[in-house]
Protein chains: 2
Amino acid sequence: MSSKSKVLLIGSGGVGTIASYVLESNGKAEVTSVIRSDYQLVLDSGYQIKSIDYGEINNFRPSHIVNNVLDSIKYGPFDYVVVTTKNQPDIFSIEELIAPVIIKEKTTIVLIQNGFGIEKTIIEKFPGTIVLSGVQMISSTLYDGIIDQPGPDSMSIGIFNNNISTKNDQYLIAQNFISLYSNEKNNCYYDENVKYTRWRKLVYNATLNSTCALTDLDVGRVELFGGVDTLIKPAMKEVLAIAKSDGVELPESIMEFMIRSDDGVWYSPSMLVDLRKGNFIESVVILGNALDVAKENGISAPTLTVLYNLLQLIQARTKERKGLIKLPIQRPISNTTN
Amino acid sequence: MSSKSKVLLIGSGGVGTIASYVLESNGKAEVTSVIRSDYQLVLDSGYQIKSIDYGEINNFRPSHIVNNVLDSIKYGPFDYVVVTTKNQPDIFSIEELIAPVIIKEKTTIVLIQNGFGIEKTIIEKFPGTIVLSGVQMISSTLYDGIIDQPGPDSMSIGIFNNNISTKNDQYLIAQNFISLYSNEKNNCYYDENVKYTRWRKLVYNATLNSTCALTDLDVGRVELFGGVDTLIKPAMKEVLAIAKSDGVELPESIMEFMIRSDDGVWYSPSMLVDLRKGNFIESVVILGNALDVAKENGISAPTLTVLYNLLQLIQARTKERKGLIKLPIQRPISNTTN
């Protein structure tokens, strides 16, 4: 039996592939990667990686490659199931996806994903399983098996408290995962306050990411065309108010910090990129879950509410374009009226 | 000297061309039409009209065709200047466009255009000039010199009170224009309450038209995808509240009436069509002017405000795409911060 930790990695985009490379090359983990669309390509020739931290790597393949979760079972049982897919609970359920490979009191789930409230359904589905939060600051993209990673690999790992395991057990597992991932070229550190980290990231994502997606404009254009004053700041104030009602006090200065964070670059945030590719967006975890907290706590968030409801219409538009919704040729006459 | 009224018609889209045809064929007006993009086409072969009211008309040409307003002066002086262009005060000024052909105490301006508050700058610029409101219910389109008019020609004509002319003078002019336009095939009637009519139309346009434009969805899809409850009804309630603060009491039932008004048809409202064509939208007169009233009267309109601010970003996007805004290759670093 190998002394290496067994890791299943689900979601082989830019972030996931760098993670599988780092975990393998550090030598402490044996990675099985679930690869869907690029499966044959990666089987044949591996990934080509161009990384600011790790240099040029050709033909990288993790220890095992499978094209669906069920096929990975033979390489388990897994110590860690690392999820780096998009988080779109209105489109597909991560807990159902990973259910076949979660072994009670054995497997830890690591969610390296965007958004707020992403742990809730996971902790409900797997009581007592330890769930870690990964917030990756990398900007890494994947096209045709080629990974481009121009931003440094900097990741915080923390605990989504499952309220069953002891704090210490959860802490030790988090530290263990950090030890698997850390090397002298990256920065992987323990996150004392995951809730704070995730609310903080929403200050950017719920506002700039949403507005860019709705207007098909990058952050720089939203600013130059006047959107920072008309939309971004009002929306950011709402995020701060909801966070505060949830026990997280963010400084006002975070707003200006986030507005300036892409200065000098015509940066297109993730949901804008998703829409330009015709893909689904992460609107539920970037806005919807935060708005649920607002509702529970009686916080008014009119700007975020409108942004979210518009994005959900666009999500339905994508569903129709992908064939998940079929509409009749003739618009039906409503029968809801008198 | 001709006993016919002299009419200058500016804006030869679907609505304008039907108007010029009706005014000419009724025999009481001599129409000069300002035609820009289709000038040579219309000069050569006229318009081809396919109308539910007037049948098929080939090679229709108004009495005079010019390709800019200054060239029309030789066919004046005009009794009526009828404006049927899009109303986009953030893009171009109608009062500057028509200034060369407005003769004090002679010319009446007829605005057959969408939106609210469209008379304000006109009345300021031409004190004492009579200004009429035309609200056309026709659905008429123009492509390549071919007019398609599938909906009946039904137009209300009323007074934008200029607060200088007597009510009676303004009324008589409105009735005179109605007599020029009316025939046994159309329905052109006096509008007792222009303000009511225009607030009423905003119940549809500020809400459904805006939401469709922002989501690239027709009215039927916005409804089927859940947008009526999440966006349209809240926005409509805001329109009703602003109208009320402006002295116009619309019945609550107008909301359901407007939501159902396109039942059975996958209808794309005007701003959605404008955006799909890559054109500017009438967001200022459909939303912006109403929001000015809200601000003056202290009425909260958060939904309409967000819709409007998003549409204004999209308007700027169109400006850049049309080359009216040039941005540097490198995003500038802001100097607004400390």
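Residues numbered from 1 in each chain as written. Chains lettered and ligands numbered in written order. Predicted model: local features only at pLDDT ≥ 70, side-chain atom pairs only at ≥ 80, totals over all residues. Heavy atoms only, no water.

We apply this condition: UniProt positions are given in the numbering used here, feature names are shortened, and annotations may be inferred rather than shown by experiment.
Where an unreviewed UniProt entry is consulted, chain A appears under the name 2-dehydropantoate 2-reductase, with the organism given as Pachysolen tannophilus NRRL Y-2460. What UniProt records for chain A under Sequence similarities (unreviewed entry) is the sentence "Belongs to the ketopantoate reductase family." The UniProt entry for chain A carries the following comment under Catalytic activity (unreviewed entry): "(R)-pantoate + NADP(+) = 2-dehydropantoate + NADPH + H(+)".

1. Brief notes about the domain arrangement of chain A
Residues and elements named next belong to chain A. The line we're drawing: Domain segmentation is taken from an automatic or database assignment of domains. Contacts are residue-level and defined by heavy atoms, with any inter-residue pair within 4.5 Å sufficient. Accessible surface is computed with a 1.4 Å probe, and the buried area is the amount of it that two parts give up when combined, taken over both parts together. Salt bridges are defined by distance alone: a side-chain nitrogen of Lys or Arg within 4 Å of a carboxyl oxygen of Asp or Glu. We define a polar contact as two N or O atoms separated by no more than 3.5 Å, with the added condition that, inside protein, one atom must be a possible hydrogen donor and the other a possible acceptor, whereas residues neighbouring each other in sequence contribute only through side-chain atom pairs. Helical segments are the DSSP runs of H or I of at least four residues, strand segments are the runs of E of at least two, and each set is numbered from the N terminus.
Assigned domains of chain A: these are domain 1 (5-192) and domain 2 (196-321). Placing a centre on the C-alpha atoms of domain 1 and another on those of domain 2 gives a separation of 25 Å. Each partner contributes to the interface: domain 1 provides 21 residues, whereas domain 2 provides 21 residues. Summed over both sides, the interface of domain 1 with domain 2 buries roughly 1900 Å², with 52% coming from carbon and sulfur. At the boundary of domain 1 with domain 2, the tally comes to 1 salt bridge. Between Lys-86 and Asp-274 there is a salt bridge, with its nearest N and O atoms 3.0 Å apart. At the junction of domain 1 and domain 2, the tally comes to 14 residue pairs in polar contact (both at pLDDT 80 or more). Counting residues per element, the side of domain 1 that touches domain 2 draws most heavily on strand S8 (residues 131-136), at 4 residues.

2. Regarding the sheet that holds strand S4 (residues 55-60) of chain B
Note on sheets: strands pair through backbone hydrogen bonds, and any given pair is parallel or antiparallel. Residue and element names in this part refer to chain B. The following threshold applies: Note on pairing: two strands pair once DSSP finds at least 2 bridges between them. All axes here are fitted lines through C-alpha atoms, helices being fitted over the stretch that makes contact, and every angle between N-to-C directions spans 0 to 180 degrees.
Within the open sheet, the 4 strands sit side by side as S4-S3-S10-S9. Their pairing is mixed. Two strands bound the open sheet, and with one partner strand each, they are S4 and strand S9 (141-143). Shown here is a sheet whose adjacent strand axes are inclined to one another by a mean of 15°, direction ignored. Sheet topology places strand S3 (residues 47-51) next to strand S10 (residues 146-149); 4 bridges connect them, and they run parallel. When the sheet's bridge partners are listed, Ser-51 is paired in S10 with Gln-149.

3. Section: the packing of helix H6 (residues 194-215) of chain B against helix H8 (residues 227-245) of chain B
Residue and element names in this part refer to chain B. Counted only if it meets this: Roughly parallel here means an angle under 35 degrees, roughly antiparallel means over 145, roughly perpendicular means 65 to 115, and every remaining angle is called oblique. Here a crossing is called left-handed whenever its near helix is offset anticlockwise from the far helix by less than a right angle, and right-handed whenever the offset is clockwise. Only Asp, Glu, Lys and Arg are considered charged, only Ala, Val, Leu, Ile, Met, Phe, Trp, Tyr, Cys and Pro nonpolar, and every remaining residue, Gly among them, polar.
Packing of H6 against H8 leaves a shortest axis separation of 9 Å and a crossing angle of 150°. Considering the angle they form, H6 stands roughly antiparallel to H8. Along this stretch, H6 crosses H8, giving a crossing that reads as right-handed. Judged by residue contacts, Trp-199, Leu-202, Val-203, Ala-206, Thr-207, Leu-208 and Thr-211 of H6 engage Leu-231, Ile-232, Ala-235, Met-236, Val-239, Leu-240, Ile-242 and Ala-243 from H8. Considered class by class, the residues forming the contact of H6 with H8 number 13 nonpolar, 2 polar and no charged.

4. So, unusual backbone geometry
Residues and elements named next belong to chain A. At the junction of Gly-76 and Pro-77, the peptide bond is cis and its omega measures out at -5° in the coordinates. Mapping Pro-77 onto the fold places it in the loop between helix H3 (69-72) and strand S6 (80-83). Notably, Asn-59 is not glycine yet its phi reads approximately 55°, a positive angle. With respect to the helices and strands, Asn-59 occurs in strand S4 (residues 55-60).

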